[in-house]
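# Remarks on the overall topology
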Amino acid sequence: MTVLLLLALPLLVEASWKKLSVNSSSALEVQSLDYGSYHVKLQQRTNIKQLRKHRFNSLSVRHRQLMVHGGSNGTALIGGLRNEPVEKEHYKLHLTDKQSEYTAPIDIGGQKLNCIYDTGSAMVWVYSSLCNSDICRRHLNRGSRFDLEQADEAFSSSDCYKFVQFGTGSLRGQLGTDDIHLDSLQLPSAGFGMIKHTDDNPVFTLDFDGICGVSYKMEEDSCYNEEGKLVRTSLLQNLQASNLAHKTMTFSFDDSGGGDLSIGSPPLKQAVAVPVTTKFYWETTLKDIKVGGRSLFAEIGWHDPNVHKAKVVFDTGTSVFTMPFDAYSTVHKMAGCDGKGGITYVLGDGREVHINNWYQQMGESCTPLVMDLDIRDQNLFILGQPFFDEHITTFDAENNLVW
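Nothing here was measured: the structure is a model prediction, and the numbers come from that model. (Residues numbered from 1 in each chain as written. Predicted model: local features only at pLDDT ≥ 70, side-chain atom pairs only at ≥ 80, totals over all residues. Heavy atoms only, no water.)

Attention now moves to the state of the cysteines. Counted under the stated rule, the structure contains three disulfides. Disulfide pairing is shown between Cys131 and Cys136; the S-S distance is 1.9 Å. Looking down the S-S bond of the Cys131 and Cys136 bridge, the torsion is 85°, so its handedness is right-handed. The burial state of Cys131 is the same as that of Cys136; both residues are buried. (Disulfide = S-S within 2.5 Å. Buried < 20%, exposed > 50% of the residue type's maximum accessible area, 1.4 Å probe, protein only.)

Okay, structure coming up:
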């Protein structure tokens, strides 16, 4: 089983825990709808079981390494980020199913790339011609990287570099600005990162051109481009500054191997809002988790919400669910392999979110789509792709709500 983990975590300045995609080539399809919306089609991989198994095993090993060599308090050091000198009403992008992740197009200065739209991190990173490693040359052979020699007049570089350590590898890149288009929605002079170096982790060989983080801004911008303009690295902040009537992103997935990312559309009429408790992740409070009608929190001795202060993050950049180790080890004992009855997350206001399919069949056996992740002193739970497979979800940046 292959796992993607793209959640950016607070460490030094910014930390990233991210899921990465696997090889699949499929053409991008953009449709302009009559009512002024845009749709990007996601394509599906055919070797999902093999890919998920490979990713799951690789990530499990990496997590154990992080737990051993991580923070001084024994929790996993997921990653760090440091700075170094050097109109339409709404739009739709079609999501292509790569089995372990979904990608959709992004246009940076006229160069079209396929991006993982990740609600667990905050900025855009794309492979670029600055990178000459073997891994980056693979992306060059596919023609899937940002080429500085082909950059348009709107492009402006900077002397700012960032280093990012992910749970599944690390990268270093240079910041710049250019006009970014999400279908025909233009985000002028938007900041993005051009990957200059990655480590040798195999996740970087997978079939994606970049990670488009659409979580809240995780650090203050302090870099200026060659024209002396501030590099605004938050894609979400650039969306908020646009003329969209609704500052929203709606993810919907179907059974045919695809989905849609609708930007600027109102939430579904029957949707009920969940408040974002901290504008860092798309997160809210978590009261309990139930498996087969039994309380997971009671099983691990969490009886007072004011003490454990659990939170749940809605993250399109993670292909599984994650839990702190105590909860992870206990939930495996509570449910049988058939996963009958599903799993239910009880939010802070008492509302229940149910997911039926939370197991992955592996031949004659199966494994729950849950991994352990301890994030320092936070009892943080992540709702990844299995949740989005069953629930249409709107992220409302104007009102700080998840619908």
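Here the focus is the pattern of salt bridges. Enumeration over the complete set of coordinates arrives at eight salt bridges. A salt bridge links Lys229 to Glu227; the nearest nitrogen and oxygen atoms lie 3.9 Å apart. The class of Glu227 is exposed, set by a relative accessible area of 51%. For the salt bridge of Asp349 with Arg351, the shortest nitrogen-to-oxygen distance reads 2.9 Å. The exposure class of Arg351 is partly exposed, given its relative accessible area of 25%. (Salt bridge = Lys/Arg side-chain N within 4 Å of Asp/Glu carboxyl O.)

Our next topic: the nonpolar core. Ile106, Tyr117, Met323, Ile343, Tyr345 and Phe381 are the most contacted members of the largest nonpolar core, which totals 68 residues. The leading source of residues in this core is strand β12 (residues 185-198), at five residues. If we ignore the near neighbours within four places in the chain, the residues touching Tyr117 are Leu93, Tyr102, Ala104, Pro105, Ile106, Leu182, Cys212, Phe251, Leu261 and Thr316. Counting residues in hydrophobic clusters, the runner-up holds 19 residues, among them Tyr127, Ile135, Ile211 and Val231. (Core = buried A, V, L, I, M, F, W, Y, C linked by side-chain atoms within 4.5 Å. Helix = DSSP H or I, 4+ residues; strand = E, 2+ residues; numbered from the N terminus. Contact = heavy atoms within 4.5 Å.)

Next up on the list: the environment of Thr248. Structurally, Thr248 is set in strand β14 (residues 248-253). Sequence-wise, Thr248 and Glu398 are 150 residues apart; in three dimensions their C-alpha atoms are separated by 7.4 Å. At a separation of 2.6 Å, a polar atom in the side chain of Thr248 contacts the main-chain carbonyl oxygen of Ser265. (Polar contact = N/O pair within 3.5 Å; in protein donor to acceptor, adjacent residues only side chain to side chain.)

Let us now look at the confidence of the model for the chain. For the chain, the mean per-residue pLDDT works out to 78, and 75% of the residues sit at or above 70. Note on residues 10-87: pLDDT under 50 across the span, and 301 contacts to partners over four residues away in sequence or across chains. (pLDDT = per-residue confidence, 0-100.)

Here we come to unusual backbone geometry. Positive phi, normally seen in glycine, also occurs at Lys309, with a value near 45°. Secondary-structure assignment places Lys309 in the loop between α5 (305-308) and β19 (311-314). For Lys309, a relative accessible area of 57% gives the class exposed. At Asn400, a position not held by glycine, the phi torsion is positive, near 55°.

One pass over the full model with this rule turns up 18 aromatic pairs. Measuring from ring centre to ring centre gives 5.1 Å for Trp282 and Phe395, while their planes differ by 70°; the resulting arrangement is edge-to-face. Of this pair, Trp282 sits in the loop between β16 (274-275) and β17 (283-291) while Phe395 sits in strand β27 (residues 393-396), and the two are 113 residues apart along the sequence. Accessibility expressed as a relative area gives 0% for Trp282, which makes it buried. The exposure class assigned to Phe395 is buried, which follows from its relative accessible area of 0%. Among the aromatic residues, those joined into a cluster by ring pairs are Tyr216, Phe251, Trp282, Phe314, Phe387, Phe388 and Phe395. (Phe/Tyr/Trp six-rings, centres within 6.5 Å; stacked < 30°, edge-to-face > 60°.)

Considering the arrangement of structural elements, one finds Cys212 in strand β13 (residues 210-213). The buried category is assigned to Cys212, whose relative accessible area is 0%. Contacts of Cys212, omitting those with residues within four sequence positions, involve Ile106, Cys115, Ile116, Tyr117, Asp118, Met123, Val124 and Leu235.

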